[in-house]
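The residues making up each chain are set out below.
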Amino acid sequence: MFKHILIPTDGSEIAQRAIPVAIEQAKMQGARITAVSVIDLYPYIGAIEVMPTGIEGWQEAIRAQAEAAVQAVADAARAAGVECNTAVQEDTLAWRGALSVAEREKADLIVMSSHGRGGISSALLGSQTARVLSHSKIPVLVVR
């Protein structure tokens, strides 16, 4: 039924809960996986002023964190014998970046956790997950 599964991740413990579910779905259906982490390289301008590393150092750290997050998915998928590609997408809105990659890569299912690192704005279902659910044109499987 599904041939290409997208896993949005921020590397958090909660986001990692979606990985085994997506891998199991991929194995059952003979699907491949794309892991995506969405980063905002230009945070709130006031935050930049107090960063000891400056904006360039902060951007490098954010990119490295995103690369590590998608690599963890790729490693788990490959260990299970599932093909997996990775992507780090720049966007100010994580949900929009994830859906952009889903469309570009022609994913036909999104598997994601109910929460990630969204701070106060993700108090209920998770603001990013809720937005993916409301804007996605393809099925979304939410893992609690």
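What counts as what
- Residues numbered from 1 in each chain as written.
- Predicted model: local features only at pLDDT ≥ 70, side-chain atom pairs only at ≥ 80, totals over all residues.
- Heavy atoms only, no water.
- Pairing = 2+ DSSP bridges.
- Helix = DSSP H or I, 4+ residues; strand = E, 2+ residues; numbered from the N terminus.
- Axes fitted to C-alpha atoms, helices over the stretch in contact; angles between N-to-C directions.
- Contact = heavy atoms within 4.5 Å.
- Expected span 1.5 Å × (residues − 1).
- Buried < 20%, exposed > 50% of the residue type's maximum accessible area, 1.4 Å probe, protein only.
- pLDDT = per-residue confidence, 0-100.

Undergrad: Quick question: what am I supposed to make of the sheet that holds strand 5 (residues 140-143) here?
TA: The sheet built from five strands is open, its strands ordered 3-2-1-4-5 with parallel pairing. Where the open sheet ends on each side, the last strands, each with one partner, are strand 3 (84-90) and strand 5. Mean inter-strand twist for the sheet, computed between neighbouring axes without regard to direction, equals 25 degrees. Pairing of strand 2 (residues 32-39) with strand 3, which is carried by seven bridges, proceeds in the parallel orientation. Its bridge partner lying in strand 3, threonine 34 is registered against asparagine 85. Packing of helix 2 (residues 18-29) onto the sheet brings it into contact with strand 1 (4-8), strand 2, strand 4 (109-113) and strand 5, and relative to strand 4 it is tilted by some 155 degrees. Across the face of the sheet, helix 5 (residues 94-104) comes into contact with strand 1, strand 2, strand 3 and strand 4 while running at roughly 135 degrees to strand 3.

Undergrad: I tried to follow helix 4 (residues 54-79) on my own but got confused; where do I start?
TA: Because an α-helix packs 3.6 residues into every turn, residues spaced three or four apart end up facing the same way. Its 26 residues place the ends of helix 4 38 Å apart at the C-alpha level, agreeing with the 38 Å of an ideal helix rising 1.5 Å per residue. Looking at helix 4, one finds that the buried residues are Ile55, Gln59, Ile62, Ala66, Ala69, Val70, Val73, Ala74 and Ala77. Glycine 81 occupies a position one or two residues after helix 4 and carries a positive phi of about 80 degrees.

Undergrad: I would appreciate a short explanation of unusual backbone geometry in the present structure.
TA: Glycine aside, residues mostly have negative phi angles, and peptide bonds mostly take the trans form. If you check the backbone angles, lysine 106 has positive phi at about 60 degrees while not being a glycine. Along the chain, lysine 106 turns up in the loop between helix 5 and strand 4.

Undergrad: What am I meant to see in the confidence of the model for the protein here?
TA: Note: predicted coordinates in regions of low pLDDT should not be interpreted at a detailed level. Counting all residues, the mean pLDDT for the protein is 89, and 85% of those residues have values of 70 or more. Here residues 119-125 scores under 50 on pLDDT; set against residues more than four positions off or in separate chains, the count is eleven contacts.

Undergrad: Help me understand helix 2, please; the structure alone is not making it clear to me.
TA: The terminal C-alpha atoms of helix 2 lie 17 Å apart, and with twelve residues this matches the ideal 16 Å at 1.5 Å per residue to within 8%. At its buried positions, helix 2 is contacted by strand 1, helix 1 (13-16), strand 2, helix 4, strand 4 and strand 5. Where helix 2 ends, the next residue or the one after it, glycine 30, has phi of about 65 degrees, a positive value.

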